[in-house]
Each structure stands twice: as C-alpha cells, then as structure tokens.
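Chain by chain, the residues:
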Amino acid sequence: MVISEEEHKQMPEPVRERLEALKDAPGSVIVVGSMNADYTVTTKRLPKPGETVNGGAMKVLPGGKGANQASAAARLGVNVQLLGAVGEDSNADFLLGKLDEAGVDTADILHVEGPSGTTVITVSAEGENTIVYSPGSNAKASASYVQSHRTTIAECAVLGLCLESPISTVIAAAQTAHDAGVTVLLNDSPFMDELPHELVEATDILLVNQHEAAQLLGLPDGDVESLDWYEVAERFTDYGFDRAIVTLGASGAVVIENGRWHRVSAAQVNAVDTTGCGDSFMGTVLAGLAAGHTLLQSAQIGSYVSAYAATKLGAQSAYGTAEEVIAYFS
C-alpha cells in the first residue's frame with residue numbers, strides 16, 4: 001500500500017472524484033471490533049530478541065483495529081457506527097473521545113468492568129513496527145451483545161469485521177448481517193489460519209495481506225510477481241471466498257472477484273509510520289462499498305488514503321479527511 005519515496009504521484013482524476021463522493025454515500029457502515037490505547041515508542045531500529053534499545057518519548061495514541069477502521073471511514077465522510085466494549089479506566093474516555101472527534105457513532109458501545117484494550121507498539125526509523133496486543137474489555141463484547149443490535153446491523157450497507165474480538169462475537173455479527181442481506185467484509189487479522197466454516201459462509205469479501213494469503217491458501221510466501229494470480233483466485237474460491245483483496249505492501253494490492261484479478265498500484269509516499277495503514281485501507285474499502293463503488297474502485301481509493309496515513313505517526317491520529325488526502329496528492 002505504501003512505499004518509502006521522496007516523491008509522491010498525483011492522484012488520478014477518477015480516484016479523486018470517487019473519494020470526494022464518499023461524503024454523499026447513500027449507505028452506512030457498521031464495524032464490530034476493538035478499541036485500544038496504543039502505547040507507542042520510536043527507536044532507530046527494532047530490538048532483536050533479548051536486546052534493549054534506546055527509544056524516544058512514550059506516546060499514548062488511539063487504536064484498535066475496529067476503532068481504526070471505523071475512524072478511517074468516518075473521516076472520509078461516511079456514516080459509521082462502532083460496536084464494541086471499553087473498560088472503566090481513563091483510557092475508555094480517551095478512546096471514545098477520539099472516536100467522537102472522527103465522527104464515529106459510539107452510542108451503543110458497551111461499558112464493562114476492568115481495563116480497556118491496549119497495545120504496546122515499537123516503531124523504527126524506517127517506519128516498521130512490532131505490536132503486542134492485550135484485549136482487555138474487547139474480550140467482553142459478546143455474541144449476545146451483537147445480536148441485541150441486529151436491527152441496527154440490518155439497516156447498514158456493509159459490515160466490517162476483524163479478529164480482535166471473540167470469534168463467537170465475530171461469527172454472530174457476520175451471520176446477523178448475512179441473514180439481512182448486508183455485505184460482510186472480513187479482515188483476517190490477527191491472523192487465523194483456519195477460519196470457522198460458519199464465518200466463511202457468512203462473509204462476502206476477505207481482506208488479507210500477502211503473508212496471510214500464503215498461509216491461508218498454502219502458497220509459497222515469496223516474490224508476489226512470481227505468483228499465478230488465477231491460481232490464487234481459484235484457491236480463494238475453493239476456500240469459500242469468491243471476492244478477496246490481497247494487500248502487497250509496497251507493491252500495492254490485488255483485487256479478486258469471481259476468478260478474475262486486478263492489480264492496484266501503490267501510492268508513493270515518504271513513509272514515517274505504517275502502524276494502522278492496513279486498517280485505513282480497510283476503512284476506505286468499507287466507505288467505498290457504502291457509497292456504491294465497486295470493490296476495485298474502493299481498493300484504488302484505499303491505496304491513496306492508506307499511503308497518506310503512513311506519512312504521520314500513529315493510526316487514527318494519522319488518518320486524513322478526503323480533502324486532506326486529495327490536497328496531499330495534488
């Protein structure tokens with residue numbers, strides 16, 4: 001999705017027009033997922049096992065894959081609601097405040113005893129990162145909680161899911177949306193190499209990176225240019241997914257639909273921090289689908305939105321509005 005370059009290319013006019021159109025999206029997005037306080041420190045390089053390296057000042061930033069995806073979509077002008085759980089600590093107020101600032105509807109978020117979710121993130125000078133996740137309150141967002149909001153889910157255009165929530169909750173959300181005819185987009189992250197059959201059946205589109213795709217489908221995890229993408233598409237179909245997006249880091253992404261595949265070029269930026277860029281891409285695809293764009297068109301927009309996010313530190317704190325992204329690539 002992003003590459004580290006001194007120069008960035010101008011956004012094509014069709015992509016700009018579709019990005020601008022997101023604010024008029026006829027449909028809405030619901031994300032069922034996590035909220036985390038990201039404790040982030042920068043270092044010259046990532047430490048090796050057992051090694052201590054000096055770092056900069058510790059920053060607490062809003063994160064969590066669900067919250068990131070919802071924030072990215074909302075900042076682009078789409079109506080977005082997040083379903084999940086926060087704890088009873090100060091991080092809960094912090095996380096909800098940041099979601100409100102992004103324009104996410106937080107009215108039905110669950111409040112539970114104990115700490116909110118947290119992550120510990122180390123970011124190198126090259127923008128690479130390591131992440132350790134502690135679920136906290138995210139583990140208490142139950143299947144029954146999701147099912148209690150079935151009417152709300154049935155009224156949205158597209159549902160976004162990742163795997164930082166309990167798997168029973170993810171399955172319940174997917175089935176609830178699927179039964180209502182709502183498009184379900186699943187991000188298999190944190191990666192699960194054997195997805196439950198009932199989740200696969202209730203999912204319309206799968207989003208994975210190249211390494212996750214290789215593990216999921218039993219493919220060699222190497223040079224993406226050497227892959228037979230028709231074979232990859234066939235393997236996705238055999239697994240149960242006729243539609244998928246495989247993100248390729250600096251090489252862009254591949255969109256697969258019904259046995260056909262299309263390459264999406266990477267937008268070029270000088271990357272500062274790639275934390276949350278994948279979530280920004282996912283949020284943009286959710287927004288694009290809610291606006292009636294095709295999966296390919298939504299991924300093309302996502303290439304630019306996620307690249308813009310890589311130019312700043314953090315996840316949600318780095319996400320831009322449609323106007324900001326367009327201005328950067330003008």
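Here the structure is shown first, and the text comes after it.
Residues numbered from 1 in each chain as written. Predicted model: local features only at pLDDT ≥ 70, side-chain atom pairs only at ≥ 80, totals over all residues. Heavy atoms only, no water.

(A) Region of interest: the overall build of the protein. Across its full length, the protein holds 12 helices and 16 strands. Taken over the C-alpha trace, the protein has a radius of gyration of 18 Å; the compact-globule value for 330 residues is 20 Å, and the two agree within 12%. Along the first, second and third principal axes, the C-alpha atoms of the protein reach 50 × 50 × 40 Å. Counting all 330 residues of the protein, 54% fall into the buried class. Considering only contacts within the protein whose residues lie at least 6 apart along the sequence, 71% involve residues at least 24 apart. (Helix = DSSP H or I, 4+ residues; strand = E, 2+ residues; numbered from the N terminus. Rg over C-alpha atoms; globule rule 2.2 N^0.38 Å. Buried < 20%, exposed > 50% of the residue type's maximum accessible area, 1.4 Å probe, protein only. Contact = heavy atoms within 4.5 Å.)

(B) Inspection of helix H3 (residues 90-102) at higher detail. With 13 residues, H3 extends 19 Å between its outermost C-alpha atoms, agreeing within 8% with the 18 Å of an ideal straight helix rising 1.5 Å per residue. The complete set of buried residues in H3 reads Asn91, Ala92, Leu95, Leu96, Leu99 and Ala102. Each buried residue of H3 lies within a common arc of 125° when the element is viewed along its axis, so the set occupies one face. Residues Ser90, Asp93 and Glu101 are exposed on H3 and point more than 90 degrees away from its buried face. In the stretch just after H3, glycine 103 is the one whose phi turns positive, near 95°. (Expected span 1.5 Å × (residues − 1). Arc of directions from axis to C-beta.)

(C) Representation of the packing of aromatic side chains within the structure. Taken as a whole and assessed by the stated rule, the structure comprises six aromatic pairs. A ring pair is formed by tyrosine 328 and phenylalanine 329, whose centres lie 5.0 Å apart and whose planes are at 80°; its orientation type is edge-to-face. Accessibility expressed as a relative area gives 23% for tyrosine 328, which makes it partly exposed. When its relative accessible area of 1% is taken as the criterion, phenylalanine 329 is described as buried. (Phe/Tyr/Trp six-rings, centres within 6.5 Å; stacked < 30°, edge-to-face > 60°.)

(D) Representation of helix H2 (residues 65-75) in the model. For H2, the tally of buried residues reaches 10 of 11 residues, placing the bulk of the element in the interior. All of the buried residues in H2 are Lys65, Gly66, Ala67, Asn68, Gln69, Ala70, Ser71, Ala72, Ala73 and Ala74. Those residues of H2 that are buried are in contact with strand E2 (29-32), strand E4 (59-63), strand E5 (80-83), H3, strand E11 (183-187) and helix H10 (277-290). Remark: glycine 77 follows H2 within two positions and exhibits a positive phi of approximately 105°.

(E) Molecular detail of the sheet that holds E4. Here we have four strands laid out as an open sheet, ordered E4-E3-E8-E9, and mixed in their pairing. Looking at strand neighbours, the two that pair on one side only are E4 and strand E9 (129-134), the edges of this open sheet. Adjacent strand axes in the sheet meet at a mean angle of 25°, parallel and antiparallel pairs treated alike. Note that strand E3 (residues 36-42) and E4 share five bridges and pair antiparallel. The residue bridging asparagine 36 from the neighbouring strand is glycine 63, located in E4. Relative to the sheet, H3 contacts E3, E4 and strand E8 (117-123), its axis offset from that of E4 by approximately 60°. (Pairing = 2+ DSSP bridges. Axes fitted to C-alpha atoms, helices over the stretch in contact; angles between N-to-C directions.)

(F) View of the environment of threonine 118. Structurally, threonine 118 is set in strand E8. By relative accessible area, threonine 118 is classed as partly exposed at 21%. Each C-alpha atom of the pair threonine 118 and serine 134 lies 5.3 Å from the other, and the pair is 16 residues apart in sequence. Setting aside anything within four residues of it in sequence, one finds threonine 118 in contact with Asn36, Ala37, Tyr39, Asn91, Val132, Tyr133 and Ser134.

(G) Summary view of the state of the cysteines. Throughout the structure, instances matching the rule amount to zero disulfides. Distance from the sulfur of cysteine 162, which forms no disulfide, to the nearest cysteine sulfur (cysteine 156) is 15 Å. (Disulfide = S-S within 2.5 Å.)

(H) Fine view of the pattern of salt bridges. The tally for this structure, following the rule as stated, stands at seven salt bridges. Across the pair arginine 45 and glutamate 51 runs a salt bridge, and its minimum N-O distance is 2.5 Å. What makes arginine 45 partly exposed here is its relative accessible area of 41%. Given a relative accessible area of 29%, glutamate 51 falls into the partly exposed group. (Salt bridge = Lys/Arg side-chain N within 4 Å of Asp/Glu carboxyl O.)

(I) Empty space enclosed by the protein, seen in detail. Following the criterion strictly, the structure yields one cavity of 30 Å³ or more and no others. Put simply, the largest cavity is a space of about 90 Å³. Lining the largest cavity we find Gln210, Ala213, Ala214, Leu219, Pro220, Asp221, Gly222, Val224, Leu227, Trp229, Val232 and Val246. At the level of elements, helix H8 (210-217) and helix H9 (229-239) are the ones that each hand at least two residues to the lining of the largest cavity. A total of three residues in the lining of the largest cavity trace back to one element, the largest contributor, which is H8. (1 Å grid on protein atoms, 1.4 Å probe; cavity = no way out; pocket = protein on both sides within 12 Å on 5 of 7 lines; lining within 4 Å. Points joined across faces, edges and corners; volume = space filled by probe spheres on them.)

(J) Region of the structure containing the nonpolar core. Of all hydrophobic cores here, the largest spans 61 residues; its most connected members are Leu19, Met35, Leu82, Ile245 and Phe329. In terms of residue count, the dominant contributor to this core is helix H11 (residues 295-309) (nine residues). Sequence-distant contacts of isoleucine 245, defined by excluding residues within four places in its chain, comprise Leu206, Leu207, Val208, Ala253, Val254, Val255, Phe281, Val285, Leu295 and Ala299. Core analysis: the second largest hydrophobic core is formed by 43 residues, Leu83, Ala174, Val208 and Val224 among them. (Core = buried A, V, L, I, M, F, W, Y, C linked by side-chain atoms within 4.5 Å.)

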